[in-house]
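Fold and geometry: a report
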Amino acid sequence: MDLRRRISDRHGEFLLFAVTPPRKSTSPQRVEEIADATIARLRPLGLDGLVLYDIDDESDRNAEQRPFPFVSTLDPADYLARYLTTWTAPAVIYRVVGKYPEAELRPWLDAQDPEQVLSVFVGASSRDKEVAMSLKQAHALRAQTSPELAVGGVAIPERHTRSGDEHLRLLAKQDAGCRFFITQVVYDVNAAKNVVSDYRLECIARGVDPVPIVFTFTVVGSTKTLEFLSWLGVEVPRWIQNDLIHSDDVLSTSYEQSLSCALDLITFCRRLGVPFGLNIESVSSRRAEIEQAVQLAARLGQELHRPRR
């Protein structure tokens, strides 16, 4: 059963892998090399889909200095169409909808093959940010232009810890047409469990079926990358920070922590009957971190009940 059908039927246990397109300044020849290397690494994993991030400058959401400077990257849809031509599994294209006026987003939506492309709509990084299109407008446009295109939304467990209403946000997005959700990187497994539990109970109360929640995991190879995750709003519990900061091998320790979190959430979601997926994120250019992320995906793929591609 393909990814779109499984999501449509509200079935879970699928495996995704997320990457960021190369920088805009990268030469076409080098982009081709990166794309070929990416496909060669990922093909043996038998993934259910490839996630391509749409990067936006989020400096407005955090007054603290960004640990890494913002660098523009290639448009994920263009990267897929021009350079990942031999990729055969579905692709999930992120769209930071505030960047795109209707004149740009409408033809893109209209041109997509819903059997091969899914999307995740991302709203503004802060209330004060000027946008070309709101999240609500983007969902309405998708419903009008390409109703068969499966669109997902972002889930933020840390926001649930602060406000206690992330499950209600998910259901509002579900009402707007979201057929699945992808979380930001998970290190705080209890925050993720809380939002899943509250979401399930609210679904029962409303008489609706839960849609798949895809949990994102990543590995970090340095304390600076850990700082960047915190800057993005990812909550890393103090004891995990301590383990990573004082580890002789940050990358291996990070791998073990992500694996442990993922296995815990797999068991939890199965017990609650909430469909789920796993998304392994690799946005580093360091070979060691990329290979460790691939290893994490391979290991977690063995835990899922899914047909191999």
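It should be emphasised that the depicted structure is a prediction, and the values quoted were computed from it without experimental measurement. (Residues numbered from 1 in each chain as written. Predicted model: local features only at pLDDT ≥ 70, side-chain atom pairs only at ≥ 80, totals over all residues. Heavy atoms only, no water.)

1. Let's talk about unusual backbone geometry
Located in the positive-phi region is R10, a residue other than glycine, with phi close to 60 degrees. Within the fold, R10 resides in the loop between α1 (3-8) and β1 (14-19). At E13, a residue that is not glycine, the phi angle is positive and equals roughly 60 degrees. In this fold, E13 is placed in the loop between α1 and β1. (Helix = DSSP H or I, 4+ residues; strand = E, 2+ residues; numbered from the N terminus.)

2. A short note on the sheet that holds β1
Pairing is parallel around the closed barrel formed by eight strands, whose spatial order is β1-β2-β3-β4-β5-β6-β7-β8. Averaged over all pairs of adjacent strands, the angle between their axes in this sheet comes to 30 degrees, without regard to strand direction. Two elements, strand β4 (residues 117-122) and strand β5 (residues 151-155), share two bridges in a ladder whose sense is parallel. Among the inter-strand pairings, S119 is bridged to a residue of β5, identified as V151. Packed on one face of the sheet, helix α11 (residues 250-272) meets β7 (213-218) and β8 (276-282) and runs near 165 degrees to β7. (Pairing = 2+ DSSP bridges. Axes fitted to C-alpha atoms, helices over the stretch in contact; angles between N-to-C directions. Contact = heavy atoms within 4.5 Å.)

3. Quick notes on the environment of K193
By the element assignment, K193 lies in helix α8 (residues 189-206). Along the backbone, K193 and P22 are 171 residues apart, and their C-alpha atoms lie at a distance of 34 Å. Leaving out residues up to four positions away in the same chain, K193 has contacts with D264, L265 and F268.

4. Here we look at helix α9 (residues 223-231)
Buried within α9 we find T225, L226, F228, L229 and W231. Check the buried side of α9 and you find it contacts β6 (178-185), β7 and α10 (238-245). Phi turns positive one or two residues past the end of α9, at G233, with a value near 105 degrees. (Buried < 20%, exposed > 50% of the residue type's maximum accessible area, 1.4 Å probe, protein only.)

5. Considering the side chain of N279
The residue N279 is located in strand β8 in this model. Judged by relative accessible area, which is 0%, N279 ranks as buried. Within the structure, N279 has its side chain in polar contact with the side chain of T216 (distance 3.1 Å). The contact partners of N279, leaving out residues within four places of it in the chain, are L16, F17, A18, V51, Y53, I182, V214, F215, T216 and F217. (Polar contact = N/O pair within 3.5 Å; in protein donor to acceptor, adjacent residues only side chain to side chain.)

On their own, these measurements won't tell you what the molecule is for.
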